[in-house]
Structure formats: C-alpha cells, structure tokens
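Architecture and fold: a report
The chain contents come next:
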Amino acid sequence: MACSKESFLNQKPDQGHLVPSKLTDLQAILDQDQYMNGAAFSGGGPIPALGEIAADSYYVLDQDFFRLPEVYRNAYVWNKDIFVAGMKPIDWDLPYQSIFYANVVLDNLATMNFNDGESSLFNNVKGSALFYRAHAFYQLAQVFAPPYDPQKATELLGIPLRLTADVGERIYRSSLDAVYKRIADDLQEALKYLPDFPLVKTRPSKWAAYGLLARVYQTMLDYPQAELYADKYLDVKNDLLDFNSLDSTASYPFANLNNEEIAFACNMLGLGASNYPLWHSYYALVDSALYKQYHTDDLRKYVQFKRTDRGVVYKGSYEGTDVNFAGIATDEVMLIKAECLAERGEVEQGLIVLNRLLETRFKEGSYIPYIANNQTEALDIIKSERRKELLFRGLRWTDIRRYNLEGDNIRLQRNVDGKEYVLEPNNARYTYPIPMEVLSFYEDMEQNTR
Amino acid sequence: MKAKLTKCIYYCICYIVISLGSDVRAQQKMDGRVIDAENGLPLAGVTIRSNSTAQITKSKADGSFVIIASVGDSLFFQHVGYEPLHTRYSQPDMQGAIIFRLIPSVNELESVEVYTGYQQLPAERATGSFGRIDRELIERSVSTDFLGRLENVVPGLQFNRGDAESTDPFLIRGRSTITADAQPLIVLDDFPYEGDLQNINPNHIESVTLLKDAAAASIWGARAANGVIVVRTKRGVGSRPRIEWTMNLGVQDRPDLSTVSTISSRDRVEWEQFLFENGHYASAMQGQTLVSRVNPIPEAVELMIADPSDLKGQLERLKEQDVRNDIKDYLYRTRTTQQYNLNVGGNTDKINYLFSVGYDNNLESLVGSSFQRISLRSSNTYKLTEGLQADVSMLFTRTLEKNGDNRGINTGGSVGLSPYARLVDNDGNSKPYFSDYRKGFIDTISQYGLLDWYNRPIDEISLNTNRSTVNDFLVNTGLTYKVWGGLEVVAKYQFHVANSLMENIHDRESYYARDLVNRFSQINRSTGTITYPVPMGGVADLSNQRSTGHQGRVQLNYQKEFDIGRLVTIAGYEIRTNIKKQQNNLYYGYDAENSLTNSRIDFITRFPQNTSTSTSQIPLSNVGVGKWTDNFLSYYSNFAFELLDRYTLSASVRKDQANLFGVESNMKGTPLWSAGASWLLNREQFFSAAFVNSLKLRATYGVNGNVSRVAAAYTRARLSANGETHSLPTAVIISPPNKNLRWERVKMLNLGVDFAVMNSRLNGSLEFYIKKAVDLLAETPTDPTLGFTNVYANVAEMQGRGWDFQINSYNINKAITWQTNLQYSYYSNTLTKYLMPVSTTGRTYVSSLTAIKPIEGKPLYTALSFPWAGLDPTDGAPRSYLNGEISTDYAAVYNTLSLDDLTYHGAVQPVHYGALRNSFGYKQFGLSFNISYKLGYFFRTSTVINSGLVNGWGGHGDYAKRWQRSGDEANTHVPTMLYPANSTRDNVYRYADIHIHRADNIRLEDVNFSYTLTNQKHKIPFDSMRLFSYISQLGAIWYANGAAVDPYFNNTPRSAMSIALGVNITF
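Conventions used here
Residues numbered from 1 in each chain as written. Chains lettered and ligands numbered in written order. Predicted model: local features only at pLDDT ≥ 70, side-chain atom pairs only at ≥ 80, totals over all residues. Heavy atoms only, no water. pLDDT = per-residue confidence, 0-100. Contact = heavy atoms within 4.5 Å. Phe/Tyr/Trp six-rings, centres within 6.5 Å; stacked < 30°, edge-to-face > 60°. Helix = DSSP H or I, 4+ residues; strand = E, 2+ residues; numbered from the N terminus. Buried < 20%, exposed > 50% of the residue type's maximum accessible area, 1.4 Å probe, protein only. Patch = residues over 30% accessible without salt bridge, like charges linked within 9 Å, V, L, I, M, F, W, Y side chains within 5 Å. Areas by Shrake-Rupley, 256 points an atom, 1.4 Å probe, with all protein chains shown as cover. Salt bridge = Lys/Arg side-chain N within 4 Å of Asp/Glu carboxyl O. Buried area = accessible area lost by both parts, 1.4 Å probe. Polar contact = N/O pair within 3.5 Å; in protein donor to acceptor, adjacent residues only side chain to side chain.

1. As for the confidence of the model for chain B
Where the model shows low pLDDT, its predicted coordinates should not be examined in detail. All names here are of chain B. For chain B, the mean per-residue pLDDT works out to 88, and 94% of the residues sit at or above 70. Considering only residues more than four positions removed or in separate chains, one finds that residues 1–25, a stretch of pLDDT under 50, has 46 contacts. The complex model carries a pTM of 0.78, and its ipTM stands at 0.91.

Here you go:
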C-alpha cells in the first residue's frame, strides 16, 4: 500500500513535463538548440552580442541610432554604464542559462545508474555537457572579463564559474586565470568522451573541441598550443567550401547547416530582441573602408553583402539564414593556423595556408597568392584577411582586445549626431560591467572598473 | 420547503423519552402522526413537547410518534421549515392516531437545509456561513447555463462584468490567490465537477448551496480556499409519476454598436489626406521595395495614389459611407434561444426515480455562431431493505458549439476596418477588403497563376468553421447502510468521462487556406512554373481531448442523542484521479468531403515568401499530444455537538495529498481545519423579546487550502520531438527543483448573526469576516547567474475583510403579496507581503488595469494612472507632472515617473455589490424585478490614440474632440493629432488619470412576470401550469462616471434587451 500510494502521489501532473531520469532525457536537454546553440530566431544562446555590437565592422545612421534600445546605444558608443533598469541583461542571463542546462546534465550524470550498453550515449552526453559549459564560459569571458594577459591573469577577476545546478550554490568571481584554466581543462576532459564527428552540427564533437581549444589558446596568446589544436582540427577534416559553387545573387547564398566547413553551429544571441542593431535588414551598415578592402574578384564581396540605398548591408550568414553565425568552422581554424605559423616566423608556411583558403573565396583562376617579405607584413596580411573572412562572426571584439594587448594600437571611433566617440587601445571599457541584477544579490562581488 | 425523504436517510433518528416520574395519573401513551399540511407527506424528526409533562419526543420516518400525555394537554410541535404549532390533544380517531398538520413556514431562514457535498445540515444548527439558492429562485430566470442564474441572488457571490470580467469572472468573497486558480470549486451532488460548467443544465438543479467561510468549506480542504458552490440535482417527488414540462423561447435584438466610439468616415478620410500630404505613404506610392508594394494601405489612400480625375468625388463618396451599417446587417443578427426540458419522476416506498431530457438550441448574435445541448439524466434511489439503500444516477450531456470566422466589430485584422469601408456592394454581394496586402500587389502577382488572393470578410464567415463537440458522461453510484444505532456507512463512486473534439476548419476556398498556399508558392519567373510547398486544399486544425475521472469515497456517519444534546459526526477517506489527454493535429490539403489530407509536407525548410524578403517555415503550431494527471488522497472528519437545542459546537479537519509536490512535501503537509460555535439566543430562558422569532449568533475560524500548479518539487523539463534545426528530441527546463513547496492557505474568521422578527416577516443575516491568505505562490527573484531569473516559492500574503448582509421582508401578505429581498456585500483586500522586487517605474503599473499588480498595501487589481496637467494652451499637447512641475517631457514622464508619483484610484473589482429584488403576487399573477448594484471600483474609458490613427485604419470618436485651436483646452482633453505620432506622448495621454472613472452602477437586471394556474383552482387538465415572461439586459439605471460610458459595455457593443417567454407544466 505504501508503495502504491507513493507512486500514486508521484505521478507526473503533466506528462509533457519531464523529470530528467534517463540518458536520453539528458541528451534532449543538450539538444535544445535554441538555448544551447542560439538556433534560428530564438534570440537565445550562449554567445553575447555585446562584443560584436561594440566592434568596428559596422555603423548605424543617426536616425537609426536613436531607435536602438538604450542598452545597445550605450554599447555602441562605449558608455561607462551599459545596462538599464527594466531591461534584462540577456547577454549575461542566457549564456548562464545554457551553463545551467549543462550543469543539470552533469549533476544527473553523477547520480544516475546506466547500463553498459549505453556507454556511447553516456560519453556523448558527458563530453557535450562539458563542451557546452566551457564554450559558454569562454563566450562570457570575452565580454565580462578583461582580455587575457598571461602576466596578469592570476590577479585579474574573471567571471563566476557556476559548476552545479544547485539553487544554493555560492556564486563568486573566479580569477581570470582560473576561468581560462577551467575552460581548457573541461575541453581536454570533453575530448575523452566526444565522438570525432557530430550527428548534427549543433552537437559538439572532438572536431569542434579541437577548434574551440585552438581559439581559446589563441585568445590566451598561447600560439604553440593554438597551433597544436588547429592541426588536430584540420587532421580530422579540412574540406573547404568553394565560393564559386554559390549563387551570389540569392538572398542567402550559403546552404543551411550543411556547409562542410561548419564544425559546430552556434549563433550570436539578440536577434529575438527588438531593434537589435546587427540584424542586417535593419540598422547595421558595413564600414565602407572595410568593404573597399574586398577585391573585385573576391566572391565574398557578393556573397556576403548587398548594396542598398542606405549603404552596404551584410546579407546573411555563413549558415544560410539571417542570424549571425558565430560557431566554429574550418576557415577560422585555418586562419588561426596561418597566424600561429607566422607568429613563430614560418612566414611562407603561414601564407600557404592562407592562400589555400583564399583560393576558394575568389573567382576561379583569378586569385593571386599573397607573398610577404617579412613576419610583420605576413601577420598584417593574415590579420586583415581574418577580419574580412570572419565578419560578424562574434570574433572581432576578441581579436581587437588581443591585438591591442600585443601593441597593435587599434583605436575605435564612432560619430553619432555630430559627436565623436573614441575607444582607446586597452581601455578599461573593453571589459563590460557585471549587470546590476547580479551584483545586487551580493555584498562583496566586485564590479569591473570602466 | 417540502420534506424530502432523502433527508430522512441522514436524519431519521427517532427516540422516545419516557419519563418514569411518579406522578403519572390521568396520563396515557398516545399515538399521533405529523404531516406536511400542503402535500400530505409525513414529517420525520419533528420535536413534540407536552406542556403538562414537559416530555419531549420526535416523530419517526412515517411521521408517527408516541407521547405520554392526557387528553386536553397542550402539545407543542417544532420543526425546521415549519410554523411552530400549539394545539390541544383530543381523543384519537378510529385508526388510533391523530393527524397533526404543520404548515410550511414562509420564513426561508428556518426552512434552509444546506448540503456540503458530504452531509446535509439544517441551517438552524450550522455554525458556518452558507448561502442557499432554491429552485424557485433558479427557475425565476432564463439562461442556458446555470451560473448566470446565481447572479444577484445571494450575498458573497460576486460576478464581475464589463472590463473587470477578465480579472475573475466570478468569485466567492473575493480573490485570495495570485497565481493559483481563483475560481470557486463546483461540486455537483457529491463530487467536484471537472467538466465544462456549460454542461450543467439549470433545469436539473434543485438547489445550490454556497460554502463561504472556513467552517462551511473546510470539509473540501485543499480546494476550499476559493469557496465552494454545491449544486444538488432534482429527485423524484410524489407517490405517482409526476411529469414536468418546461420550455422557453427567447429573442434578443442585435447589439447596439453605437457604444463603440468610432471616428467618422469624413474625419478619417481627411486624416488620411493629412497623412498622405505629409509623406506617410511616400514609399507606398513609389513602391520601390517589396515591403512597400505588399504592406496594405487604406482604400482612400490607394485612391489618392491612383489620383483619378474625379478623386474628390470619390473621396466624398467614401466620407458618406459607414461601415457599421454593413457590420450590423451582415455580421450580427437577432439572437434566439430555445430551451426544452422534460422531467418524469416519483417517489415510492421502494424507489425514488427521475428521468430528464433537456434540449437547448441557441443562435448567437454573431452570424455563424450557435450552441446546442442535449442532456439526458436518470437518477434513481433503491430502498433495498430497511437499512440499505442504493443510488445510481447517470448524466449524459452533448454540446455542440459552432463559430464562423466572424469577429463582429473587430473585423479587419491588425489594422481594423476603415470606417468608410463597405463589406458588400450595392447589390449585397460580398466585397473584398485589403488589410493584409495591397490590391495592386495581389493583382500583379496573380498574373503568375496563383489562387484568388482576395479576402471577403462576409464570405469568410461560412468558409471557416470552428466547432467544438463535447460528449460528457457522468455515472454516480452509492450504497448507504445503517449498521446499528446512529451509525451509517456510505460508499460512493463517481465515474466521469468527457470527450471533446475541437475542429477548426478552413475550407479550401477560405482566405486562410488560399493565403497560405499563395504565400508559399514558389514561382519560377522565367519558366512560369509554380511549385506549392503548402498543398492546395483546406487546413484543418483538430484537437481531441478526453478527460477521465474516478472519485471514490468511504464515509462513516454517526449520530448519537443525549439527554442534553446530540452528536453528529462524519469521517471519511477519499481518492480521486483525473486524467486528461489531448491530441492536436494540423492537416494541410484538407478536403472534408472526401476525407483527404496531405501529409507530404516539408516543415523544416525555410521557404522564401512571396510577401516578404525573409524566409519562413510552413506553420505547424499547436501540434502534439499531452497528458495531465491529478491525483488526490484525502482524509476528513467533521463533528458537531448540539447542546440543549441552542448551542452548537463544530469542528472539522482534513488532510490532502496530491501528486503536485512530490511525496516528500505531502508527508510534511499541514492539515486544514476549522472550528465554530453557534448560539440560538432566542431559546434562552432569559430571552423575552416576543417579537423576535429567532436570533442566532455564530462564529467560526479555520484554514482552507488552494492548489497551484505553477511550481514543482523536481527539476521539470518539457520534451519536444524536435529542435529548431534538427529532428532529435529536445527538452526545455521549465523550473528548477524546489523541495519546500506547500499548499497555499487561507485563514478565515467569520462572525454572523441570523435573525427573524415579527412573526418571521422580517428575517435575514449579517456576517463579518476577515481573510488572511498566506504561503501564496509567487515568483521570487534569483541571481540570473544561477541560470534562471526567478523561481516560484510560497512567499506572498494577502489580507482582506468583508461584510455580507441579507434581509428578506414580507411586506404584505394578503390578497396581494409583496416581498422584498435586499443583499449587500463588501469585500476589500490588499497584498501585505510580496518578495519579488516591485518595479518602481510607474509605467509598469498603468498599462493594464486587469492584470495583477503586486504592490504591497494595494488590492491585486488596482487602477493607477499618470497625473494629468491638462492640454498645453499654446499647441494642445498633453501634459503631465514631473517633479511637481508641469511637463511635456514625455520620455521622462513615461520612463522615470515612479510608482509613488502615480495617481491611485482604487480597486478594479467592485468593493460593494448586491441586489434588491421585489416580488408581487395577486391571485395567479406574479411579478418580480431585480435591481443590482456594484460600487466602489474603477475602469478606464478608451480614447483616440495618435499612433493608432497613423498605423491603424480606424480610430476612436474622440478624434472629433481634439484640440485644434487655442481655447479648445477649456472644453477638451484630447490632444492635437500629429504626424509623425509620438507613441510616448500617446502613452502619457492614454494612461492619464482623466480616463479612469468610477465604474459604480445600478441596473435593472431583469423582470419576471408569471401567471400560474393550478388544478384545484382553475380546472385545468394539469396539476399546475405556469406561464412566464422574463426580460433581461435592461441596462443601467445609473452609473457614476461623467464619461457617459456604461462600465458593462466599455467601448464594446451593448447587448440589446432580451425577452423570453416560457411555460412550465406539471401533471
């Protein structure tokens, strides 16, 4: 009786509600591509848009500027204060939501029992959860933590590392070093479990984890490690998409996620928010100097852009829709590889890698390979091509922070309503403030000075 | 009023007190029998007292009694619901028994028997707060549903009308929860009714009892916090089969559209001209982008763009047209209702039976809408042996509700109808209306061979059908066994199954279907070939719901008489499970005639659309399956101890467990309980006020529970079969785990006095209560770093107090009778604790009056507004106050004005409400009318919104009152209408305090006129026949606001008077 009474009172009120209890349930939580990958028009996902919004790839017209929500206006001109009362800081909340999802999975994995037959599913779930969490930590660190300076990383404050699903977990900011160490360690750990290739592009894989590790080490200015993982990535698969096969007149020339260069599909968040500045059909106009850098034979000029009476707009993304793709793909990894080679003086080798990539971006037979006389020249070429290739992919902000750390002196400038705004290299405003919604819960959590 | 045998089952306790005193000379055992003077039925449980011996006895089930008395003794008979009888005891007749006839009391107070769903109680002995609506009152009005008949007849039951209806349609003693269900629990006979309330046929109802306070309702435990409405169905009466035939036919004219304020056609055309001249339609005129070619613009503007030679004349013609004529003629019609019901029943020694057949057929005032209901009921009680009785009843209801695509006054999609539009041409043929796409775009693209893309609203009514068919089946069985003495065992079981099929069908000819096909049609402009991702044919959205419920109960009833009083107690165990399953399906290529659907559809690919530059998937919303389970286990007990015929002490306790919070929380659950006492003051020796027939004081206190389903103990996720980009199962986490959840609880103190004076010609009751709701589930904020921004927890509290008052007066009781019933209720409550940070920005609170606003110290539904500083005399701009100064800085007012800066008006639900009913009788004629009042609450009238005028195609009639020149500000508060519009300026104006008005109103609810013939008096071939007419929707007699807006019809069409004629025949 006691037992049957228990089951009577334990019946799910809503069958559609799931109390996660099986590996397939956990896999389903991770496959929630709106929250874990920012898929489609959800406006969610683990990648803050504030970085790209403050970067130098675009501008908005004065009349459009005033239509932007206050948070985006603040970000666009690098104001001291960014967040406003009454508007949720989604750039913080949603990445942490995906971390919570991953933590629910990891917590459950620790307490559930599984049969031996489920080991491949178990491995995929475990590896994926670690990957997703590390990926979201990395993305948050690009915006809310200072740039990674190896000399200062132990002193600087990073972001809170939320590592369980417990409502009562103590939240505090870890050091920048601890954050990156955690990201790298979790990804290394994930490699033990992940399959080489994903079943669908929204799932993590060894392939994607190598790519992300290459990116993480590059951000940490650890070029040898970055090169190591770039190589591992390219060893798994290094196919490139020939842009000659694309119909540049189409609204969205790229095929859906089937693009063979994509290792991990993920979009920048914010599209669901109203008046989001980067949505191509609205406000963002491509920086004209940047647009001019594309050679007439460069197919990217036609595939990526559309001229309108307002200016040049970015057409749509690498994944074939109008959302901003910000996942991991082969072109980025090749550029990491090229840069790493050039960094350690292998100028020629680096340019070979770059030329191999660019050949697929130009009209057939029209590409003239780059040559460089020295390391600096090679690095300049690679950096400039990196910017052109990875436009609106959520990488530019991190790149500016890194380049400035290395002395590139990139000075950002905006003109709004006759007023000029400047962001000097290595300025404290390259690190966003922690939202007040978070700080209000703690007496001792430190704010970023700006 | 009439003794019912059923109550004997519970109260047939007969005992004889024989005094063996020494002085028994001249006294002997005497037999007598008590019957109802009107219907001759025996009366059980009548208290009989001999004046000379002071001995007391009670009558048995057959009305018989034995008493020691002497001839000539004076006997005193007392029984609930009957006039007390003092008479002399004369010599017995040949049969050996004397018949005493008790006359039913006209005083309703004493006749009341209340039923709680678990036991039947004489109201006289109850400690709690009960409200009772008897059959006469239920049959006084005419309606399809039963709820409507409870309105304005009992204090404490509040029906919200007008805008307030969207807060809570009806409540008992106010709302006492934030997130949980606020609707009172509806009990049909013995068990909660989980079906659609529309299924309950008012002709089946014998009485309705309201359980209002903790003591009355606490027996329902975790579902009692909102009060309980117990509906008792009819039983058979009379030893020979009795047939009752009722029918009524009603008509109601089309609604009055003039209460919807509308900009005149002339004003609208001129406004559009103004917009046109100011370049609002420049891009539409150039048509360089797809968007500008597609997005619709008003008809007059199309004319201005086309610029024909007789433009002026054509515009003049538009100015003369009024779309409301077409709306009234083609979208609305006279509403007709038909209701028929036949009851056949009887009551014999062995069986009580009743069969009912009911049929309703309503043609609603919106063309295309109708409602039909068939109800079949059989209710039987078998008296198997002296102590054993079996009950079996069955109720089958079938309802069919149909709606066409007819939005009445709201036709016209997101832009609305142009006031000068025509829905038909001069010959009455349906005309297209272009509110989705421009006609030019449709005509151009149609060259490629698309389907007809015109939208003709009148044709659409019948081309789209939204039909809901419900089959509801309820079976009740019960066994009652008298074990010995006062102990009785009752076992009851109810089975309920309801199947409903919702079909939303868009015919292949419907605009809905054609539009989908066309939007997705992929046109190859070089070859001219078209492919159709959305297949040709109709679209059917089918949803099937099945609800299955089992409820079982085992209960012990025990009664014990003592010299000094009586103990009445029940205890029971109950189990309830209700499972609801639902399936939703969407079919394309639907063809009803041949049962065809097309399933080869690509729902994944994002197709380019003909109407926009973005891509879209073929819609597939609302598809899926669902299952919901409600499991309850309950233990309950109830005691009443009646002392010396004048004191009653009562107590009840109940514990509920449910599958909502998980086992852990259930184990910890606190039991819900109540205690109460009543004192019949007039029975005290010292009480000497002769004109007082009855005076009762009572007090109760207790705790009831409420069920909220918003939160759960475990991590909850919801599965979907696919993701945005793949077809693998996905899960969304709905709530993080919270192991500390518990029932919401409402504590209530109730103090009451019931009185009857002047031979009971004046009687009534007055009650005062205090309600405190604690552990209310509300959201509480969390650090978003946790992964969620808030969780539900038992954190909020509310407190309120109220009065219920009722007085019945028999003013004249002669050839002409005149009776008056007055009811008054007051309830006001405030939120006393709320942990979620309350936004301090004022604008959060002004936009909706009917949304819950969690502000500590205020009612849940509160009217707040921006302060108004009048129009600027120089330019007619709206003004408000900022930091105490008059301001036109709209962004600052709108964004920074704080909660404290707002004007506070008061509650949005009535604080005072009630009704006054007068009934007159003369011979066979009867006349009664009911006047209701609702006071102390607020509503917001609508006005013209500048940006609405720019973006929409209609507008509010206040446009005509807009400020146009200096000096106008003295007569109007409507600002200048500008282009471009400033929506912040609009908001500062529309949410200003000038638009909030008192909603107080008094209205003549209804008039009932009847003519009753009985067999005895009028020689008709029936026992009785009642002809009646019932007139309702008579409108307001008075309302408080200066805006001349009836708060029941705030910018909505006003219902016309409804007249019903009916007949009720018994034979």
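2. Some words on the packing of aromatic side chains
Following the criterion strictly, the structure yields 58 aromatic pairs over all chains and no others. When the ring of B:Phe65 is compared with that of B:Phe100, the centres are 5.9 Å apart and the planes differ by 40°; the resulting orientation is tilted. Note that B:Phe65 is positioned in strand S4 (residues 64–69) and B:Phe100 in strand S7 (residues 98–102), a separation of 35 residues in sequence. Here B:Phe65 matches B:Phe100 in class, with each residue buried. Plain terms: the ring middles of B:Trp818 and B:Phe920 are 5.7 Å apart, the flat faces sit at 15° to each other, and that makes the pair stacked. Here B:Trp818 is found in strand S40 (residues 816–833), whereas its partner B:Phe920 is found in strand S45 (residues 912–922), with 102 residues between them in sequence. Given the relative accessible area of 31%, B:Trp818 is considered partly exposed. Accessibility expressed as a relative area gives 29% for B:Phe920, which makes it partly exposed. Among the aromatic side chains, those forming a connected cluster through ring pairs are A:Tyr58, A:Phe65, A:Tyr76, A:Tyr291, A:Tyr294, A:Phe305, A:Tyr314 and A:Phe392.

3. With respect to a nonpolar patch on the surface
A cluster of nonpolar side chains, contributed by B:Ile812, B:Ile816, B:Trp818, B:Tyr922, B:Phe925, B:Leu927 and B:Phe1009, occupies part of the molecular surface with about 590 Å² of accessible area. Of all the secondary structure elements, the ones that give two or more residues to the nonpolar patch are S40 and strand S46 (925–935) of chain B.

4. Details of the interface of chain B and chain A
At the junction of the two partners, chain B supplies 50 residues and chain A supplies 52 residues. Counting the surface lost from both chain B and chain A, the interface buries some 4,400 Å², and carbon and sulfur atoms represent 62% of this. The largest contributions to the chain B side of the interface with chain A come from B:Ile733, B:Thr785 and B:Leu786, which together make up 14% of the buried area. The interface formed by chain B and chain A contains zero salt bridges. The tally of links between chain B and chain A comes to 15 residue pairs in polar contact (both at pLDDT 80 or more).

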